[in-house]
Amino acid sequence: MAKSLLLISRQAPWSGPGAREALDIVLAGGAFDLPIGLLFLDDGVFQLLVGQEARAVQQKDLSANLQALPLFGVEDLFVCADSARDRGVATDALALDAMTVLDATQIAALIDRYDQVITL
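Residues numbered from 1 in each chain as written. Predicted model: local features only at pLDDT ≥ 70, side-chain atom pairs only at ≥ 80, totals over all residues. Heavy atoms only, no water.

Within the fold, Ser9 resides in strand S1 (residues 5-9). For Ser9, a relative accessible area of 1% gives the class buried. Looking at Ser9, its side chain comes within polar contact range of the side chain of Gln47, at 2.7 Å. In contact with Ser9, not counting residues within four places along its chain, are Ala19, Ala22, Leu38, Leu39, Phe40, Leu41, Gly44, Gln47 and Leu120. (Helix = DSSP H or I, 4+ residues; strand = E, 2+ residues; numbered from the N terminus. Buried < 20%, exposed > 50% of the residue type's maximum accessible area, 1.4 Å probe, protein only. Polar contact = N/O pair within 3.5 Å; in protein donor to acceptor, adjacent residues only side chain to side chain. Contact = heavy atoms within 4.5 Å.)

Structure (structure tokens):
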């Protein structure tokens, strides 16, 4: 049986390669039917904003990768309620509809459910 993996994405989409690398890992894991989840935490919640102008900061747009997650079988998508609130991100208007919003206690339980955890 394959071990499950939770990837915690903590970087804003424009702060460097971490956000793109996190999505690439999750998409690859999904393509190989790895039990995988993705948690957007801290500045990672900025990846979920609609209408980002990636070219304005000379970055690649991540929205296509985000929209591809369900196509690759990645359906366990989570966002930290505290991170979103602290950054003024409304959790009811995210780029992905099928997000589960979690508080700190729920995130601790989520991390315990997975065999491996990677933070980028």
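Its 14 residues give helix H1 (residues 18-31) an end-to-end C-alpha distance of 20 Å, which sits within 8% of 20 Å, the value for a rise of 1.5 Å per residue. Downstream of H1 by one or two residues, Asp33 has phi in the positive range, about 60 degrees. (Expected span 1.5 Å × (residues − 1).)

Following the criterion strictly, the structure yields four salt bridges and no others. The residue Arg87 makes a salt bridge to Asp43 at a minimum N-O spacing of 2.7 Å. Taken together, the residues Arg87 in the loop between helix H3 (81-86) and strand S4 (99-102) and Asp43 in the loop between strand S2 (36-40) and helix H2 (63-68) connect sequence positions 44 residues apart. Between Arg85 and Asp82 there is a salt bridge, and its shortest N-O distance comes to 3.0 Å. Here Asp82 and Arg85 lie together in helix H3, a separation of three residues that amounts to about one turn. Each of Asp82, Arg85 and Asp86 takes part in salt bridges that share partners, so that together they form one network. (Salt bridge = Lys/Arg side-chain N within 4 Å of Asp/Glu carboxyl O.)

Moving on: the side chain of Ser83. Along the polypeptide, Ser83 turns up in helix H3. With a relative accessible area of 5%, Ser83 lands in the buried category.

With that out of the way, let us pick up the nonpolar core. By size, the foremost hydrophobic cluster in this structure holds 26 residues, and its most contacted members are Leu38, Phe40, Leu48, Leu69 and Met99. Beyond its immediate sequence surroundings of up to four residues, Phe40 is in contact with Ser9, Val45, Gln47, Leu48, Leu66, Phe78, Val79, Cys80 and Met99. Membership of the second largest hydrophobic core comes to ten residues, among which are Leu39, Leu41, Leu102 and Ile107. (Core = buried A, V, L, I, M, F, W, Y, C linked by side-chain atoms within 4.5 Å.)

Interpretation in functional terms is not warranted from these geometric data alone.
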